[in-house]
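The residues making up each chain are set out below.
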Amino acid sequence: MSAPGGPIAALFRREMSLAFGRGGGPLLACGFYAGVAVLLPLAEGPDPARLASVATGAAFATLALASLLSLERLFERDYEDGALDLLSLGTPGLTVVAAVKCLAQWLATGAPLAVAAPLVAIALGAAPALAPLIFLASLLAGLGFSFIGGIGAALSLGTRRGGVLVAVIVLPLFTPLVVFGAGAVDAFANGLDWAPALALLGAYCLGACALAPFAMAAACRNAMS
Amino acid sequence: MTDHASFIQRLCLDRLTLERGQRRLFCDLTETLSAGEAMALTGANGAGKTSLLRAIAGFLTPASGQVRFEGPGGELEAETARAEGLHLLAHQDGLKTSRTAGEELDFWARWLGGTGQLETAVEIFNLKPLLELEVRKLSAGQRRRLALARLLAAPRPLWLLDEPMAPLDTAMRRKLGEVMQAHLAEGGMILAAVHDPLPFPTRALHVGAPA
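Conventions adopted
Residue indices begin from 1 for each chain and proceed along its sequence in written order. To read the labels, note that chains go from A and ligands from 1, taken in the order they are written. Reporting of local features is limited, given that this is a predicted model, to residues whose pLDDT is at least 70; pairs of side-chain atoms are given and counted only at 80 or more, and all residues count toward the totals for whole chains, interfaces and linings. Each helix is a run of DSSP H or I of at least 4 residues and each strand a run of E of at least 2, with the numbering of both proceeding from the N terminus. Every C-beta atom is placed from the backbone, and the number of other C-beta atoms within 10 Å of a residue's own sets its class: buried at 20 or more, exposed at 12 or fewer, partly exposed in between. Residues are treated as contacting if the C-beta atoms built from their backbones sit within 7 Å of each other. Only the C-alpha atoms count toward the radius of gyration. The rule for a globule is 2.2 Å times the residue count to the power 0.38. Strand pairing is assigned whenever DSSP detects at least two bridges linking the two strands. The axes used here are C-alpha line fits, helices contributing only the stretch in contact, and every angle between their N-to-C directions lies in the interval 0 to 180 degrees. Any residue outside Ala, Val, Leu, Ile, Met, Phe, Trp, Tyr, Cys, Pro, Asp, Glu, Lys and Arg is labelled polar, Gly included; the first ten of those are nonpolar and the last four are charged. The term nonpolar core refers to a set of buried Ala, Val, Leu, Ile, Met, Phe, Trp, Tyr and Cys residues connected through C-beta atoms within 7 Å. How far a helix is expected to stretch is found by multiplying one less than its residue total by 1.5 Å. Left-handed is the label given to a crossing in which the near helix is rotated counterclockwise from the far helix by less than a right angle, and right-handed is the label when the rotation is clockwise.

S.K.: Describe in detail the overall build of chain B, supporting the description with residues and values.
M.R.: Each helix and strand counted, chain B has six helices and nine strands in total. Seen through its C-alpha atoms, chain B measures out along the principal axes to roughly 45 × 40 × 30 Å. For chain B, the residues scored as buried account for 45% of the 211 residues in total. For chain B, restricting intrachain contacts to residue pairs at least 6 apart in sequence, the fraction spanning at least 24 positions comes to 77%.

Here it is as structure tokens:
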């Protein structure tokens, strides 16, 4: 009836197909991102030197906000329609469900945003030579955004106006990603050693990937009872 | 179909007390369901039928008492028993309206450990004409049939059913009755919350105030 694969591959395919249908998904996030890039020069004034000095910072801050957009729905739909109950009855368990969901979220939203990030930064006046590093840092940061964000999404299950709660919970946890991501690019632009900042960014992301699924599974179980 | 005799053989409710918020639903419920048995769970609306099913599935923590699963070699770890041996059919069927019936059935069969019973399930519940349709286009009865097909697509011994017959037509109710009896004959167990009696002999378990 369809492609082969075990339960986890099947879940991944389902998540990807839902992510692309989930309220616009990648297009919405990229549209939001592009919108900020267009509005910033209008608000800031057209002076290229001034724009260039905030380009990478603005690109990273906006990246964090854009990746918040579709997070709220990460667990909510499955929670509301009973699918989360059934997902927890599968052999792999809720921790795996959470990890797969975040991974799919990263590929569906984080990766398109990482492609858009260098374009936005260059449009704002960053040097084109920065593009590869901006892409790499955005891609890594996006991984952290979706795993950290997943904790907020799981914790806000069952509350009204969950989106606000997600933002309040996860934005403080996003700060290291923004600091190290923009820091690496800044260091490179100023001819300094950029590797330590990128390594710290990677370490934070790996820590999030390893720990967040357990927190998400616990939060989901709490919401289901 | 597979033989269930090797996994969960007995479900034991041991002085189970359930509370929702401040309200006590029932207390000290002790009951045993063994392989090959079906039990009809009755009670007024809000008496705690669904809560009992959710407690057995592990979503609700009992205020006191416990739910135990026993296999051939003695007591099973509850988490494993639930992850591998239990089906829950609830009002919220977990089907995604934006995906086709075929995609959803295929996914759930794989997730719940389906082992190639899909065609049988599709045939028994007459789902062939529906597989290409989006779930949002299905009627309540058709959706229920799709949800029921999961029970066969991924064979598991213990079925927890919450009013399984409700949206089905007469012919399909008869069909489901046969499916349930076949499941019992293979050593399966069924605990079904119902308002109308099931079309075969069952034991009865009443929750809440006496009828």
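S.K.: Run through the overall build of chain A, naming residues and quoting values.
M.R.: Broken down by element type, chain A carries nine helices and zero strands. Listed N to C, the secondary structure of chain A is α-α-α-α-α-α-α-α-α in terms of helices and strands. In terms of overall dimensions, chain A is globule-like: its C-alpha atoms have a radius of gyration of 18 Å, near the 17 Å expected for 225 residues. Dimensions of chain A along its principal axes, counting C-alpha atoms only, are 55 × 35 × 35 Å.

S.K.: Talk me through the environment of G163(A); I want residue IDs and the actual numbers.
M.R.: Here G163(A) shows up in helix α8 (residues 162–189). Residues G163(A) and L139(A) lie 24 residues apart in sequence; the distance between their C-alpha atoms is 23 Å.

S.K.: Hey, could you go over the sheet that holds strand β2 (residues 23–34) of chain B for me, with residue numbers and the actual values?
M.R.: All names here are of chain B. Taken in spatial order, the four strands line up as β2-β1-β4-β5 in an open sheet, and their pairing is antiparallel. This sheet does not close on itself; its edge strands, each paired only once, are β2 and β5 (74–76). Shown here is a sheet whose adjacent strand axes are inclined to one another by a mean of 30 degrees, direction ignored. Here strand β1 (residues 10–20) pairs with β2 via eight bridges, running antiparallel. The residue of β2 that forms the bridge with L11 is L33. Along the sheet face, helix α2 (residues 78–85) touches β4 (64–71) and β5 and points at about 60 degrees away from the line of β4.

S.K.: Describe the interface of chain B and chain A, naming the residues involved and giving the relevant values.
M.R.: Tallying the contact residues gives 26 residues for chain B and 22 residues for chain A. Of all the secondary-structure elements, those providing two or more residues to the side of chain B that touches chain A are α2, β6 (86–89) and α3 (101–111) of chain B. No other element matches the seven residues that α3(B) contributes to the side of chain B that touches chain A. Classifying every residue of the side of chain B that touches chain A gives 12 nonpolar, six polar and eight charged.

S.K.: So what about the nonpolar core? Which residues, and what values?
M.R.: Counting 139 residues, the largest nonpolar core has A59(A), L201(A), A149(B) and L160(B) as its most contacted members. Looking at which element gives the most residues to this core, the answer is helix α6 (residues 94–123) of chain A, with 16 residues. Residues within four places of A149(B) in sequence aside, it is in contact with L105(B), A121(B), V122(B), F125(B) and L127(B).

S.K.: Can you explain helix α5 (residues 140–153) of chain B? Please cite residues and give values.
M.R.: All names here are of chain B. Taking 1.5 Å as the rise per residue, α5 with 14 residues should run 20 Å; its terminal C-alpha atoms sit 20 Å apart, in good agreement. Counting buried positions along α5 gives 12 out of 14 residues, so the element sits mostly inside the fold. Considered for burial, the residues of α5 that qualify are Q142, R143, R144, R145, L146, A147, L148, A149, R150, L151, L152 and A153.

S.K.: Any details on the packing of helix α3 (residues 48–68) of chain A against helix α7 (residues 131–155) of chain A? Residues and values, ideally.
M.R.: Residues and elements named next belong to chain A. Running from N to C, α3 and α7 point in directions that differ by 30 degrees, and their axes come no closer than 10 Å. The element α3 and its partner α7 pack so that their crossing is right-handed. Residues T56, A59, L63, A64, S67 and L68 of α3 pack against I134, S138, A141, G142, F145, S146 and G149 of α7. By residue class, the composition of the contact of α3 with α7 is seven nonpolar, six polar and no charged.

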